[in-house]
Amino acid sequence: MQFPESWLREFCNPALSTAELAETLTMAGLEVEELKPVAPPFSRIVVGEIKEAVQHPNADRLRVCQVDVGQAELLTIVCGAPNARVGIKVPCAMVGAELPPGEDGQPFLIKVGKLRGVESFGMLCSARELKLSEDHGGLLELAADAAVGQNIREHLLLDDTLFTLKLTPNLAHCLSVYGVAREVSALTGAPLKTPAFTKAHCAIDGVLPVKVSAPDLCGRFSGRIIRGVNPKAATPAWMVDRLARCGQRSVTALVDISNYVMFELGRPSHIFDLDKIHGGLDVRWGRAGESLKLLNGNTVTVDAQVGVIADAAQVESLAGIMGGDATAVSDDTSNIYVEAAFWWPKAIAGRSRRFNFSTDAGHRFERGVDPELTVEHIERVTQLVLEICGTPATVCGPVDDQQVAMPQPAKVTLRVARAVRVLGMPLTQAQCVKALTGLGLPVTEGDGVIEVTAPSYRFDLQIEEDLIEEVARMIGFHNLPQTPPQAPITAKLRSENQRSPFAVRRTLAALGYQETINFSFVDERWEHELAGNANPIKLLNPIASQMSVMRSSLLGSLLQVLKFNQDRKAQRVRVFELGRVFLRDASVPGSDTTVQGFDQPMRVAGVAMGPVDAPEWGCKERPVDFFDVKGDLEALFAPIRLSFEPAQHPAMHPGRCARVLCAGAAVGFVGELHPKWRQSHDLVQAPVMFEVDLDAALGRQVPRFEAVPRFQAVERDIAVLVAESVTHDALMQAIWAAPCSGILRDAVLFDIYRPKPLAVDGSSVPPEKSMAVRLTLNGQDATLSEQQIEDAVAAVVATLSEKVAARQRV
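Residues numbered from 1 in each chain as written. Predicted model: local features only at pLDDT ≥ 70, side-chain atom pairs only at ≥ 80, totals over all residues. Heavy atoms only, no water.

Enquirer: An account of the side chain of Asp-311 is requested, with residue identities and associated values reported.
Expert: Examined against the element boundaries, Asp-311 turns out to sit in the loop between strand E18 (307-310) and strand E19 (315-318). Summary of buried charges: Asp-311 has no salt-bridge partner, and the nearest side chain of opposite charge, Arg-284, is 7.7 Å away. Within the structure, Asp-311 has its side chain in polar contact with the backbone nitrogen of Ala-313 (distance 2.8 Å). Within the structure, the side chain of Asp-311 is placed 2.8 Å from the backbone nitrogen of Gln-314, a separation counted as a polar contact. Here Asp-311 is in contact with Lys-276, Ile-277, His-278, Gly-280, Leu-281 and Glu-316, once residues within four sequence places are set aside. (Helix = DSSP H or I, 4+ residues; strand = E, 2+ residues; numbered from the N terminus. Buried < 20%, exposed > 50% of the residue type's maximum accessible area, 1.4 Å probe, protein only. Lys, Arg positive; Asp, Glu negative; His and termini not counted. Salt bridge = Lys/Arg side-chain N within 4 Å of Asp/Glu carboxyl O. Polar contact = N/O pair within 3.5 Å; in protein donor to acceptor, adjacent residues only side chain to side chain. Contact = heavy atoms within 4.5 Å.)

Take a look at the structure:
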């Protein structure tokens, strides 16, 4: 909310400087977001009157003016403005004047100059040259009664400051200049000037028939007929200036009056063209299919969730939000109907956002506007209409006031002891009473208890904590004690067999992956298709229709990132995410860090697509495959050894997917994207992905000393025939299970050969493969003898025969 300081001080003028006033408001919860001068600094600019304006002898577009600035002699000034004419009063910068700084940041100094052979002793100014507005169509014309020679800053009240407040939703009573002044009075003790509402003389008896059909929409509806107004009357300069300083442009006098009262007193009102209303008005909820052309030119369709004001023929206004074009006042208007109502906040909240716009009226009504002063505010509008748009034929009717569902005042109890505990500072009952009565709140005292009846304009006072906040605001947030938390401080040391999540991130980054951070809200379709989750956790109020459920897997988000990069011609994409997933689990209890019935584990997942390496001359380009990503996963867990077994996952290829096992426990999956999901995501290549529990990736072996072998190692190669179904993992487990007396140091598979099957007696032989393994043997105490080597190799071959039915190739 924006307003000029001078307007505020008309209602309450404390003995504080501008900066002190801003600090006082901010420390009371009314944050002053910006202080801005109305006009930039300039000097020696006065009110001048053009006495003579003749054509320049040497220029078609220049005029030579004689200007009276209150001195003994007239000033000769050459001017090129199209509206320079005799009789008008304009800002005149005399010789030696400094105009506001230009784009270079330096002030513009006025000197005696010669334009096309004629000397000019000053400059006549436009509003843009004074940085008062962007209007540069001509000279800034001043009021006819402006005193010649008066400083322009004094005449236009430019030594003023614009306050911009950033108000929280509970401070709806401060959405007006008078509302802010009421707070200033309570904070400083300065007297508050309460506006007086003079009743207009009623010369006619006519009222407009109004029916309030929806008490849950409108609790009070007041209106008055005024006939014989002059809609073409000019809005007074003082009102135009105040509206402009509140950020509102001038439209017409009648519209300006309505806006002015809203900024002054906080109540939006509406002025109808009485002659355009068919019959009477009906305040009701909308009906399906009804439409309305608004004052902003938009045509909207309403339904039963939107309040309207309708006449006998059509909908005429969106209740509490914006009037309709059909009954808008114009230059042909002569009779008007002034309306002021109380709309229930819940009936207005969110309605304007349905139509993708917002209004000052809706902003106020959805937070709550005082229902008690509708008649008084109509009297204020009437007073201004008579002053500005009145004619000898202007007459007013009585105020028709219908109170159908007025809100009942809330009674809230404050326990002083409770306020002391919440605020963390000593308070007496007298201090609390002083703070609350200073705000104009009716107070009833008891023993350690204060009961407050919330005024009609305070919709935010509902519970005890609201009153505690009011006490804190009046004391000043800067006066609350700064008490450090008192709690045992225990160093949270990570155990030696754990690494940090940042170490996991650094490892994946070193492997060529880039980290992404995605929303935990995902498309419900992803959960069904990629996670096989038929019952995902749904959001009550999703931020978008495609982000309606909580994710139970990170893969969907990573595939979206992958598709985004592919669409932008990225050839090689390797991304990972470390984040939380959300699962239903009835065994999870509720606590400070958990939600009952929901498990929220951390996982790490990655996706790779494109060439396995960046292009280079030394090797041939090939696409990333399952074994590349499996190797990345093993590097992430190293030196812990992982094992893998064939598995099924909803997101992965049924024949190219493996379950990841760490110390025999399943910790995740790795595999290629399922072909149907690749097709549905329109990917040029099948990406390979993994997803594992973060806790498993954080584990690490504690480093321990191991002597470097002093003797030469021995290598032996063996080749065994095994069934096609035997996996590398099963082969290695069998080798390491062999009784080798501790001399087996390493085993590496270096070749796989699949011989053609031979038929025996016309029957087929089950397919077999040859797997060649290089064994590394070494002793700690002495060089191995040939017998020890042969015994170790024989033990390995025997174990392979026993566990995987292998036989050695000759």
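Enquirer: Before we move on, can you summarise the environment of Ala-304 with the specific residues and values?
Expert: As for its position among the elements, Ala-304 is in the loop between strand E17 (299-301) and E18. For Ala-304, the contacting residues outside a window of four places in its chain are Trp-285 and Gly-286.

Enquirer: Account for the nonpolar core, with residues named and values stated.
Expert: In terms of nonpolar packing, the biggest core is built from 47 residues, with Leu-25, Ile-336, Val-385 and Cys-389 touching the most fellow members. Those elements that provide at least two residues to this core are helix H1 (5-11), helix H2 (18-27), strand E11 (161-166), helix H4 (177-188), helix H5 (237-245), helix H6 (253-265), strand E21 (335-343) and helix H10 (374-389). Core analysis: the second largest hydrophobic core is formed by 36 residues, Ile-277, Val-300, Ala-310 and Ala-347 among them. (Core = buried A, V, L, I, M, F, W, Y, C linked by side-chain atoms within 4.5 Å.)

Enquirer: An account of the layout of surface pockets is requested, with residue identities and associated values reported.
Expert: The volume enclosed by the largest pocket comes to roughly 1200 Å³. Phe-627, Lys-630, Phe-644, His-728 and Asp-729 are the residues nearest the centre of the largest pocket, which is lined by 40 residues in total. Among the secondary structure elements, those contributing two or more residues to the lining of the largest pocket are helix H17 (626-637), strand E35 (642-646), strand E36 (652-662), helix H20 (728-736), strand E40 (744-753) and strand E41 (768-777). Counted by class, the lining of the largest pocket contains 23 nonpolar, 5 polar and 12 charged residues. (1 Å grid on protein atoms, 1.4 Å probe; cavity = no way out; pocket = protein on both sides within 12 Å on 5 of 7 lines; lining within 4 Å. Points joined across faces, edges and corners; volume = space filled by probe spheres on them. Nonpolar A, V, L, I, M, F, W, Y, C, P; charged D, E, K, R; others polar.)

Enquirer: Please set out the pattern of salt bridges residue by residue, giving values where relevant.
Expert: This structure, assessed with the given rule, holds 38 salt bridges. A salt bridge links Arg-525 to Glu-529; its shortest N-O distance comes to 3.1 Å. One end of the pair is Arg-525 and the other is Glu-529, both in helix H15 (residues 524-530) and 4 residues apart, which spans about a single turn. Residue Arg-525 is classed as partly exposed on the basis of its relative accessible area of 38%. Two residues, Lys-563 and Asp-567, come together in a salt bridge whose shortest N-O distance is 2.8 Å. On the criterion of helical spacing, the pair formed by Lys-563 and Asp-567 is a turn pair, its members being 4 residues apart in helix H16 (residues 555-567). The exposure class of Lys-563 is partly exposed, given its relative accessible area of 21%.

Enquirer: I'd love a proper account of helix H14 (residues 501-510), names of residues and values included.
Expert: Three or more residues of H14 are buried, namely Ala-503, Val-504 and Leu-508. Along H14, the residues classed as buried sweep out an arc of 135° about the axis, all on the same side. Exposed and oriented more than 90 degrees from the buried face of H14 are Phe-502, Arg-506 and Ala-510. Residues of H14 that are buried make contact with strand E31 (573-580), strand E34 (602-609), H17, strand E38 (688-693) and helix H19 (694-698). Phi turns positive, to about 100°, at Gly-512, one or two residues after H14. (Arc of directions from axis to C-beta.)

Enquirer: Explain the sheet that holds strand E12 (residues 210-212) to me, using residue names and the numbers behind them.
Expert: Each strand in a sheet pairs with its neighbour through backbone hydrogen bonds, running either in the same direction (parallel) or in the opposite one (antiparallel). Strands sit in the order E12-E15-E18-E19-E20 across an open sheet of 5 strands; the sheet is mixed. Every interior strand has two partners, whereas the edge strands, E12 and strand E20 (322-323), have only one. Direction of pairing for strand E15 (residues 281-285) relative to E18: antiparallel, over a ladder of 4 bridges. Each bridged residue has a counterpart across the sheet, and for Val-283 the counterpart in E18 is Ile-309. (Pairing = 2+ DSSP bridges.)

Enquirer: Tell me what's going on with the packing of aromatic side chains, and back it up with residues and numbers.
Expert: Any aromatic ring pair is given by two values, namely how distant the centres are and how the planes are angled relative to each other. With the rule as written, the count across this model stands at 11 aromatic pairs. Here Phe-3 and Phe-163 contribute two aromatic rings whose centre-to-centre distance is 5.8 Å and whose plane-to-plane angle is 20°, an arrangement assigned as stacked. You can see Phe-3 sitting in strand E1 (residues 2-4) and its partner Phe-163 sitting in strand E11, a full 160 residues away along the chain. With respect to burial, Phe-3 and Phe-163 carry one shared label: buried. Here the aromatic rings of Tyr-513 and Phe-690 are separated by 6.3 Å at their centres, their planes lie at 80°, and the arrangement is edge-to-face. Within this pair, whereas Tyr-513 is found in the loop between H14 and strand E27 (514-515), its partner Phe-690 is found in strand E38, the two being separated by 177 residues in sequence. The buried category is assigned to Phe-690, whose relative accessible area is 1%. Taken together, the ring pairs connect Trp-7, Trp-238 and Tyr-260 into an aromatic cluster. In this structure, Arg-182 packs its charged tip against the face of Tyr-457, placed 3.9 Å from the ring centre. (Phe/Tyr/Trp six-rings, centres within 6.5 Å; stacked < 30°, edge-to-face > 60°. Lys NZ or Arg CZ within 6 Å of the ring centre and 35° of its normal.)

Enquirer: Explain empty space enclosed by the protein residue by residue, including any values.
Expert: Under the definition given, this model contains 1 cavity of 30 Å³ or more. Considering the residues around the largest cavity, the lining is formed by Val-522, Trp-526, Glu-527, Leu-530, Ala-531, Arg-551, Ser-553, Gly-556 and Ser-557. Among the secondary structure elements, those contributing two or more residues to the lining of the largest cavity are H15 and H16. Looking at the lining of the largest cavity residue by residue, the classes come out as 4 nonpolar, 3 polar and 2 charged.

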